[in-house]
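Below, each chain spelled out in residue letters.
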Amino acid sequence: MTTRRIVSEKTVLERDDKDFAPKAGEKSNITPAVPAHVIYKLLGFTFAMIVAPIGTYFLSVDTIFGGNTTWAGASAAIMANVVLFGFIIVAFQEDQSDALEAEWKEKESKKTT
């Protein structure tokens, strides 16, 4: 047994561009979905996640651990975790600063009204 589909609503693919256009007198929102500073932080931590463990391994395998690759690999894994925890800490601080900024703006708007 089949059911009928409601044909009155348009799907996203069937909608015209005028459905997404700004209303008369409104400016279109051209801000990026993700702020630039967030992208730069992500790129920095991505670079650190690649360079820090590999660099730690190759620097420590002969200089610190005397050719013992097991200990050098363990130190590289520790460095990867250090970078990961650093990213988590920075992300939490950024989230808290955004919440504090929104709260401050809300208080300022209440003072002016």
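Conventions and cut-offs
Residues numbered from 1 in each chain as written. Predicted model: local features only at pLDDT ≥ 70, side-chain atom pairs only at ≥ 80, totals over all residues. Heavy atoms only, no water. Helix = DSSP H or I, 4+ residues; strand = E, 2+ residues; numbered from the N terminus. Expected span 1.5 Å × (residues − 1). Buried < 20%, exposed > 50% of the residue type's maximum accessible area, 1.4 Å probe, protein only. Contact = heavy atoms within 4.5 Å. UniProt positions renumbered as here; feature names shortened; annotations may be inferred. Axes fitted to C-alpha atoms, helices over the stretch in contact; angles between N-to-C directions. Parallel < 35°, antiparallel > 145°, perpendicular 65-115°, else oblique. Left-handed = near helix turned anticlockwise from the far one by under 90°. Nonpolar A, V, L, I, M, F, W, Y, C, P; charged D, E, K, R; others polar. Patch = residues over 30% accessible without salt bridge, like charges linked within 9 Å, V, L, I, M, F, W, Y side chains within 5 Å. Areas by Shrake-Rupley, 256 points an atom, 1.4 Å probe, with all protein chains shown as cover. Salt bridge = Lys/Arg side-chain N within 4 Å of Asp/Glu carboxyl O.

A.B. asks: Teacher, can you tell me more about helix α2 (residues 69-112) here?
C.D. replies: Along an α-helix, residues three or four apart share an orientation, since each turn contains 3.6 residues. Relative to the 64 Å expected for 44 residues at 1.5 Å per residue, α2 spans 64 Å between its end C-alpha atoms, a close match to the ideal helical length. Of the residues making up α2, those classed as buried are Ala72, Ser75, Ala76, Val83 and Glu94. Among the structural elements, α1 (36-63) are those in contact with the buried residues of α2.

A.B. asks: What am I meant to see in α1 here?
C.D. replies: A rise of 1.5 Å per residue sets the reference length of α1, with its 28 residues, at 40 Å; its end C-alpha atoms lie 39 Å apart and thus fit the reference within 8%. Of all the positions in α1, only Ala52, Pro53, Thr56, Ser60 and Val61 are classed as buried. Next to the buried residues of α1 lie α2.

A.B. asks: Mind showing me how you'd approach the UniProt feature "transmembrane region" (unreviewed entry) in the protein here?
C.D. replies: If you check UniProt for "transmembrane region" (unreviewed entry), the listed places come out as residues 38-59 and 71-92 in our numbering. Taken end to end, residues 71-92 has its terminal C-alpha atoms 32 Å apart, with 100% of it in helix and 0% in strand.

A.B. asks: How do you make sense of the packing of α1 against α2 when you look at a structure like this?
C.D. replies: The description of two packed helices rests on the angle between their axes and on the distance between the axes. Relative orientation of the contacting elements α1 and α2 amounts to 165°, with a least axis distance of 7 Å. Comparing their axes, α2 and α1 come out roughly antiparallel. With respect to the hand of their crossing, α1 and α2 are arranged in right-handed fashion. Classifying every residue of the contact of α1 with α2 gives 17 nonpolar, seven polar and two charged.

A.B. asks: What is the right way to read a nonpolar patch on the surface from this model?
C.D. replies: Taken together, the side chains of Leu42, Met49, Leu84, Phe85, Phe87, Ile88 and Phe92 define a hydrophobic patch exposed on the protein surface, amounting to about 630 Å² of accessible area. Going through the elements one at a time, α1 and α2 are the ones with two or more residues in the nonpolar patch. The element that contributes the greatest number of residues to the nonpolar patch is α2, accounting for five residues. Mapping isoleucine 88 onto the fold places it in helix α2.

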